[in-house]
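# Breakdown of the fold
So you can see what is in the structure, the chains are spelled out below.
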Amino acid sequence: MAVQLFILRRSVNGVLSGRLATRTLATYSPVDKKIPAALHLKTGQSFKGHSFGAPISRFGETVFSTSITSYTESMTDPSYRGQILVFTTPLIGNYGVPHNVAPYDSQDVGVVLEAKGIQCAAVIVADVAARYSHHNAVESLAEWCQRHDVPGITGVDTRAVTRLLRDQGTTLGRVAIGADASLPPPQEHEYWDPSKENLVAQVSTREQYTLNPTGDVKIAVLDFGSKANILRSLVRRNAAVTVLPWNFDFNTIRDQFDGLFLTNGPGDPNSCMEAALNVRRTIQEWNKPVFGICMGHQIIGIAAGLDAYRMTFGNRGHNQPVLALSSSGSITAGRVYVTSQNHQYALKLHDPFPEGWEPFFINCNDSSVEGIKSTNDSGKRVWGVQFHPESAGGPLDTIEMFTDFVDECRARKTNSDSSPMLEKRQNLEPTPQLAAAGAA
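Residues numbered from 1 in each chain as written. Predicted model: local features only at pLDDT ≥ 70, side-chain atom pairs only at ≥ 80, totals over all residues. Heavy atoms only, no water.

## Notes on the overall build of the protein
Put simply, the test is: A helix here means a DSSP run of H or I that spans at least four residues, while a strand means a run of E at least two residues long, and both kinds are numbered starting from the N terminus. Categorising residues by exposure relies on relative accessible area from a 1.4 Å probe, with only protein chains included: less than 20% of the type maximum marks a residue as buried, more than 50% marks it as exposed, and the intermediate range marks it as partly exposed. It only takes one pair of heavy atoms within 4.5 Å for two residues to be counted as in contact. Only the protein chains shown count as cover for residues, and the accessible areas themselves come from Shrake-Rupley with a 1.4 Å probe.
If you tally the helices and strands in the protein, you get nine helices and 25 strands. Looking at the 440 residues of the protein, the share that counts as buried comes to 58%. Looking at the protein alone, contacts between residues at least 24 apart form 75% of all its contacts between residues at least 6 apart. In the form shown here, the protein has an accessible surface area of approximately 18000 Å², with 50% of it arising from carbon and sulfur atoms.

## Some words on the pairing of strand β18 (residues 239-245)
Each regular strand displays side chains that alternate between the two surfaces of the sheet. So the rule is basically this: Each pair of strands is called paired provided DSSP finds at least two bridges between the two strands. With strands facing away from the observer, any crossover in which the path from the first strand over the helix to the second runs clockwise is taken as right-handed.
Taken across its seven residues, β18 has seven buried, putting it largely inside the fold. Pairing between strand β16 (residues 209-211) and β18: three bridges, direction antiparallel. Directly across from Leu211, in β18, lies its bridge partner Val241. Considered for its hand, the β-α-β crossover made up of strand β17 (residues 217-223), helix α5 (residues 228-235) and β18 is right-handed.

## Considerations on the sheet that holds strand β20 (residues 290-293)
For clarity, the cut-off: For every element, the axis is a line fit to its C-alpha atoms; helices are fit only across the contacting stretch, and the angle between N-to-C directions ranges from 0 to 180 degrees.
The mixed open sheet is built from ten strands, whose spatial order is β16-β18-β17-β19-β20-β25-β24-β23-β21-β22. Because the sheet does not close on itself, it has two edges, and the strands there are β16 and β22 (336-347). Strand-to-strand twist in this sheet, taken as the mean axis angle between neighbours without regard to direction, amounts to 25°.

## Focus: the packing of helix α6 (residues 273-285) against helix α7 (residues 295-304)
Counted only if it meets this: The scheme is simple: roughly parallel for angles under 35 degrees, roughly antiparallel for over 145, roughly perpendicular for 65 to 115, oblique for anything else. Crossing handedness: left-handed means the near helix sits turned counterclockwise from the far one by under a right angle, and right-handed means the same turn made clockwise. Gly is placed with the polar residues, together with every amino acid not listed as nonpolar (Ala, Val, Leu, Ile, Met, Phe, Trp, Tyr, Cys and Pro) or charged (Asp, Glu, Lys and Arg).
Relative to each other, α6 and α7 sit at 65°, their axes nearing to 8 Å. Relative to α7, the element α6 lies roughly perpendicular. Relative to α7, α6 is oriented so that their crossing is right-handed. Of the residues in α7, those touching α6 at Met273, Ala275, Ala276, Val279, Arg280 and Ile283 are Ile299, Ile300, Ile302 and Ala303. Split by residue class, the contact of α6 with α7 holds nine nonpolar, no polar and one charged.

## Quick notes on the packing of aromatic side chains
Which entries qualify depends on this criterion: A pair of aromatic rings is counted whenever rings of Phe, Tyr or Trp (Trp by its six-membered ring) have centres within 6.5 Å, and the orientation is called stacked for planes under 30 degrees apart, edge-to-face for over 60 and tilted otherwise.
Going through the model one piece at a time under the given rule, you end up with 15 aromatic pairs. Between Tyr71 and Tyr95, the ring centres sit 4.4 Å apart and the planes meet at 35°, which makes this aromatic pair tilted. A residue pair is termed long-range when its members are at least 10 positions apart, and Tyr71 in helix α1 (residues 71-75) and Tyr95 in the loop between β8 (91-92) and β9 (97-98) qualify at 24 residues. Given the relative accessible area of 23%, Tyr95 is considered partly exposed.

## Describing unusual backbone geometry
Omega for the peptide link from Asp351 to Pro352 comes to 5°, which places this bond in the cis form. Cis peptide bonds are those with omega within 30 degrees of zero, and the linkage from Ala392 to Gly393 qualifies with -5°. Its location among the elements puts Gly393 in the loop between β25 (382-385) and α8 (400-415). Unlike most non-glycine residues, Ser70 shows phi in positive territory, near 65°. Within the element layout of this structure, Ser70 appears in the loop between β6 (58-65) and α1. Phi at Ala392 is positive, roughly 60°, even though this residue is not glycine. Residue placement: Ala392 occurs in the loop between β25 and α8. Here Ala392 falls in the buried class, since its relative accessible area comes to 17%.

## Comments concerning α5
Judged by how many residues are buried, α5 sits mostly within the fold: eight of eight residues are covered. All buried positions along α5 are accounted for by Ala228, Asn229, Ile230, Leu231, Arg232, Ser233, Leu234 and Val235. For α5, the secondary structure elements touched by its buried residues are β16, β17, β18, β19 (259-262), β20 and α8.

## Here's the deal with empty space enclosed by the protein
The following threshold applies: As defined here, a cavity is a set of points on a 1 Å grid over the protein atoms alone where a 1.4 Å probe fits but cannot get out. A pocket is an open set with protein on both sides within 12 Å along at least five of seven lines, and residues line them when an atom is within 4 Å of a point. Grid points are joined across faces, edges and corners, and a volume is the space filled by probe spheres set on the points.
This model, assessed by the stated rule, comprises three cavities of 30 Å³ or more. Space inside the largest cavity adds up to approximately 150 Å³. Going through the elements one at a time, α7, β21 (308-324) and β22 are the ones with two or more residues in the lining of the largest cavity. Counting residues per element, the lining of the largest cavity draws most heavily on β22, at four residues. Of the residues belonging to the lining of the largest cavity, the class tally is five nonpolar, nine polar and four charged. Considering only enclosed or pocket space, the second largest cavity measures out at about 100 Å³ in volume. Along the wall of the second largest cavity there are 15 residues; nearest its centre are Ser74, Asp77, His318, Ser340 and Asn342. Put simply, the parts of the chain that give the lining of the second largest cavity at least two residues each are α1, β21 and β22. Considering every element that reaches the lining of the second largest cavity, the biggest residue donor is β22, with three residues.

## Focus: the sheet that holds strand β4 (residues 36-41)
The strand order around the closed barrel built from seven strands is β4-β5-β14-β10-β7-β6-β15, with neighbouring strands paired in mixed fashion. Pairs of neighbouring strands in the sheet enclose a mean axial angle of 35°, with direction left out of account. As paired elements, strand β10 (residues 122-124) and strand β14 (residues 151-154) share two bridges and run parallel to each other. When the bridges of β14 are listed, Ile124 appears paired with Ile153. Against the sheet, helix α3 (residues 158-168) makes contact with β4, β5 (46-53), β6, β7 (83-87), β10 and β15 (171-177), and its axis sits at roughly 90° relative to β6, the strand it touches most.

Written out as structure tokens, the structure is:
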């Protein structure tokens, strides 16, 4: 069955255009399975398949995601920078890829997905869909990867790859396409390790910009590699959002804002000590709300005096259960929330916790720290969570944490000069790494 559709698009500058197109219930986009491909792991294993996407070879850090849907959001998440993304779900690409342009207004931030382009280094799937069907789809997964110069491999036993990574941990790898697939695997010293680089500096904005400038509360965002839905979740709560580079010293302009938000981002938080030092000073001297997600949560933790460590294989998926240890806003102590996550590093659970801080969430599977917060008697309003309340994709169990944060910013905007609790200061003991960074 075929239908004629009028496809309407809005360009970046807001100009509308349209075209007539004939679409069947599923659009056929064949994948040329004549091009051989291979995934080589530094630990010696190789997996054969066929190429789709860009016909280029690439190194990266091999990780797996257990998410069932939202492959487009995962692939455009800057936290996947430099990583070879293995999807455990067998069929990927069945609903195609949407036109990734949206307006800049009080409801949106310029893109439909999480960034303008694909962020991961390569994609590994068991079966890439040759037919896709969705009313918003404009191209196939293979066509999208080709357009963004991202290689992909289909026909791989992703269950075997996932079990390997789960047992031995995240592993460096190489995607070899075409003639490269028949060559011997790289030597150990030839593998590129993205964690040795400051990936945050690669994905963070280089210039300051503002979204929804007419919003009734002003929030500054330190961009460590933000997903678009974090910014979208703020502007949809009528916040005027000013996005700053990751290493910008917010303390120089903090009096212009009602709150500070720290975003997600790729790589090792210990490569962002400059930001941690700046945030530590902000928390000590500033009495307005601060909220951090993922990398932002880890930066807050380091600033508070905690250590960050590398997990064996991290948590990447949309079904991670976390237990709330205390109540705050929409969060109720003792309740389990299902969350979306994408991270390799976590904060160590110290006993005792730094003065003025307490654990907020803990992972129900591996007992890792999933959140921290300032104590009620500290006079501060600071939260950090390892998971993604904004999801995209994933569950929305904790989406109201954005409402809690923006509402707190509004309340402090009105009452900051009248509340004696806000005049309290807390003594934050730095970690040895943070103290060394400050001395340098």
